[in-house]
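Observations on chain architecture
Here is how the chains run, residue by residue.
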Amino acid sequence: MMKRDDCLKALARHVAEADIVLPVYSTAFDWIAIRPSPLNYLSHGAMGLASSHGLGLALGRPDKRVIVLDGDGSLLMNLGTLVTIAEVAPPNFYHFVCENGTYEANGGHPIPGRQNVDFAGVARAAGIRTVHEFSDLKIFEQQIGALLAGPGPVFVCLKIVASGPQERDYSRIHGPQVRAAFREALAAD
Amino acid sequence: MQVGASRESDRASLLGGSIIREIKASKIEFVVSVPDITTSEGLLRPLAQASNPRLIRICKEDEGVGICAGLAYSGRRSLLLIQQTGMLDSINAIRGVAVEYALPICMMVGLLEKEPGVPPRQSKRYGVRIVEPILDAMGIAYHEIEEESDVAKIKPAIDAAYTDSRPVVLLIGRRPS
């Protein structure tokens with residue numbers, strides 16, 4: 001098992017300035033501390049939709065890499081997204097899921113299917129061809145560069161330890177100024 | 001009197017080709033859809049056979065709200081073609097993404113089981129009758145598209161949604177031919 005912070009730091013070393021990144025909930029707070037950028041897309045409006053926003057961005061901006069940093073509870077709310085992503089198959093789309101088995105932002109309760117659900121297996125069964133699962137940080141660090149350099153869609157499940165319930169100030173990432181900054185940065189790039 | 005009204009409504013028409021013409025005139029590049037029986041043959045089928053606008057088939061309607069949001073940020077116009085049952089299922093996504101974030105999410109919504117010629121609010125079907133009051137409560141603009149003369153509302157409605165950055169719903173009240 002890995003720590004989310006370590007995974008995000010390893011990932012950030014391979015994320016370019018021009019890449020669009022969509023992190024969710026607790027991951028969003030950790031990510032913006034590691035890689036602050038106006039091209040972090042933080043406002044998803046409803047739980048589970050980050051990968052759908054990302055798919056729209058990947059279709060709308062095929063010139064840019066789109067990296068979704070999803071949660072396991074979030075993905076469970078929108079499993080059909082994996083089928084849609086496989087069908088559309090955008091080559092610039094990279095979907096990471098931090099699997100910690102809990103709804104960290106909502107009290108740390110366990111997700112249904114914890115210990116049983118196989119997210120990588122679900123992604124493969126949905127038709128996504130490039131699927132990986134990591135539970136060892138060293139192996140993840142060795143392979144992440146090549147994964148991001150190759151064509152999407154890519155699905156990666158990161159097995160991480162739960163951090164416990166997280167109290168965060170969501171007004172920081174959901175405010176209109178965040179969306180305006182993203183819009184401006186994307187239009188300028 | 002009711003019979004006469006019914007015959008009149010039977011004679012009225014709505015052409016899928018006219019709606020598609022307006023969709024293209026509105027510079028819609030992507031149609032994002034879960035099949036809807038009202039618009040299945042007259043709209044979705046011909047749209048699926050064309051390459052422009054590009055059809056994106058989705059599993060559930062709230063996915064489409066997110067996809068259309070991402071496209072809007074990218075400066076690309078899209079239309080979410082769904083049934084009112086799917087719209088009702090996606091209320092939270094529409095609330096958060098379209099209304100609270102003030103994004104131009106344009107929805108074309110087939111009204112399942114609406115009686116032709118009967119205004120949605122006067123429908124005998126609960127699932128039809130509640131649609132416009134819900135949109136009113138959410139503060140979302142909508143337009144009824146039931147007759148051929150209504151088709152002219154489509155482009156101004158979509159243009160206004162993008163100009164003002166707000167959602168709009170186009171309610172398809174009968175099966176386009």
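Attention here is on the structure that accompanies the text. Small disclaimer: the values here were computed from a predicted structure and weren't measured. (Residues numbered from 1 in each chain as written. Chains lettered and ligands numbered in written order. Predicted model: local features only at pLDDT ≥ 70, side-chain atom pairs only at ≥ 80, totals over all residues. Heavy atoms only, no water.)

1. So, the packing of helix H2 (residues 16-25) of chain B against helix H3 (residues 40-49) of chain B
Residue and element names in this part refer to chain B.
- Two elements in contact, H2 and H3, have axes whose closest approach is 8 Å; the angle formed by their N-to-C orientations is 55°. Relative to H3, the element H2 is oriented oblique. Seen along the crossing, H2 lies across H3 with a hand that is right-handed. Where H2 approaches H3, its residues Gly 16, Ile 19 and Ile 20 are matched on the opposing element by Gly 42, Leu 43, Pro 46 and Leu 47.
- Along the lines of polarity and charge, the residues of the contact of H2 with H3 split into five nonpolar, two polar and no charged. (Axes fitted to C-alpha atoms, helices over the stretch in contact; angles between N-to-C directions. Helix = DSSP H or I, 4+ residues; strand = E, 2+ residues; numbered from the N terminus. Parallel < 35°, antiparallel > 145°, perpendicular 65-115°, else oblique. Left-handed = near helix turned anticlockwise from the far one by under 90°. Contact = heavy atoms within 4.5 Å. Nonpolar A, V, L, I, M, F, W, Y, C, P; charged D, E, K, R; others polar.)

2. Section: the sheet that holds strand E2 (residues 66-71) of chain A
Residue and element names in this part refer to chain A.
- With parallel pairing, five strands are arranged side by side in an open sheet as E1-E2-E3-E7-E6. Where the open sheet ends on each side, the last strands, each with one partner, are strand E1 (20-23) and strand E6 (130-134). Mean inter-strand twist for the sheet, computed between neighbouring axes without regard to direction, equals 15°.
- Judged from the six bridges that link them, E2 and strand E3 (residues 93-99) form a sheet pairing that is parallel. Each bridged residue has a counterpart across the sheet, and for Leu 69 the counterpart in E3 is Phe 96. (Pairing = 2+ DSSP bridges.)

3. What to know about helix H2 (residues 25-34) of chain A
Residues and elements named next belong to chain A.
- Buried residues dominate H2, accounting for seven of its 10 residues.
- Every buried residue of H2 is listed here: Ser 26, Thr 27, Ala 28, Phe 29, Asp 30, Trp 31 and Ile 32.
- Against the buried residues of H2 lie helix H1 (4-12), E1, E2, E3 and helix H8 (171-174). (Buried < 20%, exposed > 50% of the residue type's maximum accessible area, 1.4 Å probe, protein only.)

4. Focus on the environment of Gly 70 of chain B
- The topology assignment puts Gly 70 of chain B in helix H4 (residues 61-73).
- Sequence-wise, Gly 70 of chain B and Arg 54 of chain B are 16 residues apart; in three dimensions their C-alpha atoms are separated by 15 Å.
- Beyond its immediate stretch of four places on either side in the chain, Gly 70 of chain B contacts Tyr 41, His 53, Gly 56 and Leu 57 of chain A.

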